[in-house]
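Coordinates in review
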Amino acid sequence: LHYPLRRQRQMCIRDSRDRVLTEDEVATIWKALPGAALRGVTRDVFRLLLLTGQRSGEVSGMRRAEVDVDAALWTIPAARTKNGRAHTVPLSVAALEIVKARLLKADDGRDAPLFAHVGAPMPSNAIAHSARLKLQLFEDPWTPHDIRRTVATMMADSGTSVSYTHLTLPTKRI
């Protein structure tokens, strides 16, 4: 079948792969989270995306055994990273508060997901779906991955070295 409007629609959709949120947009998203029609667990994933810059699948798949509360570190195992290498994320005070609250709600097992959806880790496509349906606050649409790109850009703008940015936000192409 031929759908002539499909191509026209695709041409009108902005490629979000180059979208960087402004500081005002980041603040607007953060402030909108408490009143957004989202489950608390989903709000917490968005907060950690904004605070850590990690991928939505890595955040939503966080497990109890990956977190060292005393050291304020989250170690993502190689099996769960895009580049296939383990990655340790330092947790800010705000990020650690969210993680501690999720630990209290998670099951006791070492592999218990902190962001559970029917007992399993919340799928990252659920985060993208929530952003698309519940958090499109601007004329220019955004995706959860745009948050990661925004964090990297803001780190560069603040004078953070490229090597440190790559340590904090590893990519597949390192």
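See the structure printed just above.
Now for a description of the structure that goes with this document.

Parameters at a glance
- Residues numbered from 1 in each chain as written.
- Predicted model: local features only at pLDDT ≥ 70, side-chain atom pairs only at ≥ 80, totals over all residues.
- Heavy atoms only, no water.
- Core = buried A, V, L, I, M, F, W, Y, C linked by side-chain atoms within 4.5 Å.
- Buried < 20%, exposed > 50% of the residue type's maximum accessible area, 1.4 Å probe, protein only.
- Helix = DSSP H or I, 4+ residues; strand = E, 2+ residues; numbered from the N terminus.
- Contact = heavy atoms within 4.5 Å.
- Salt bridge = Lys/Arg side-chain N within 4 Å of Asp/Glu carboxyl O.
- Expected span 1.5 Å × (residues − 1).
- Arc of directions from axis to C-beta.

1. Observations regarding the nonpolar core
As a rule of thumb, soluble globular proteins bury nonpolar side chains together. In terms of nonpolar packing, the biggest core is built from 36 residues, with Phe46, Leu48, Met62, Trp74, Val99, Phe115 and Trp142 touching the most fellow members. Going through the elements one at a time, helix H3 (40-52), strand E2 (73-76), helix H5 (93-105), helix H6 (124-134) and helix H7 (144-157) are the ones with two or more residues in this core. With 6 residues, the top contributor of residues to this core is H3. The contact partners of Met62, leaving out residues within four places of it in the chain, are Leu48, Val67, Trp74, Arg80, Val99, Ala112, Pro113, Leu114 and Phe115.

2. Quick word on the pattern of salt bridges
Under the criterion given, the structure shown has 7 salt bridges. Measuring nitrogen to oxygen at the nearest pair gives 3.1 Å for the salt bridge that ties Arg47 to Asp44. You can see Arg47 and its partner Asp44 sitting in helix H3, 3 residues apart, about one turn around the helix. There is no split in this pair, since Arg47 and Asp44 are both buried. The salt bridge involving Glu58 is made with Arg55; its shortest N-O contact spans 3.5 Å. Grouping residues by exposure puts Glu58 and Arg55 together as buried. When salt bridges that share partners are traced, they join Arg19, Glu25 and Asp140 into one network.

3. Things to note about H5
Over its 13 residues, H5 extends 19 Å from the first C-alpha to the last, a length consistent with the 18 Å expected when each residue adds 1.5 Å. When H5 is considered as a whole, its buried residues turn out to be Ala95, Leu96, Ile98, Val99, Arg102 and Leu103. Projected down its long axis, H5 carries its buried residues within an arc of 160°, all on one side. Facing away from the buried surface of H5 by more than 90 degrees, the exposed residues are Val93, Glu97, Leu104 and Lys105. Buried residues along H5 sit in contact with H3 and strand E1 (67-68).

These figures come from the coordinates and say nothing about function on their own.
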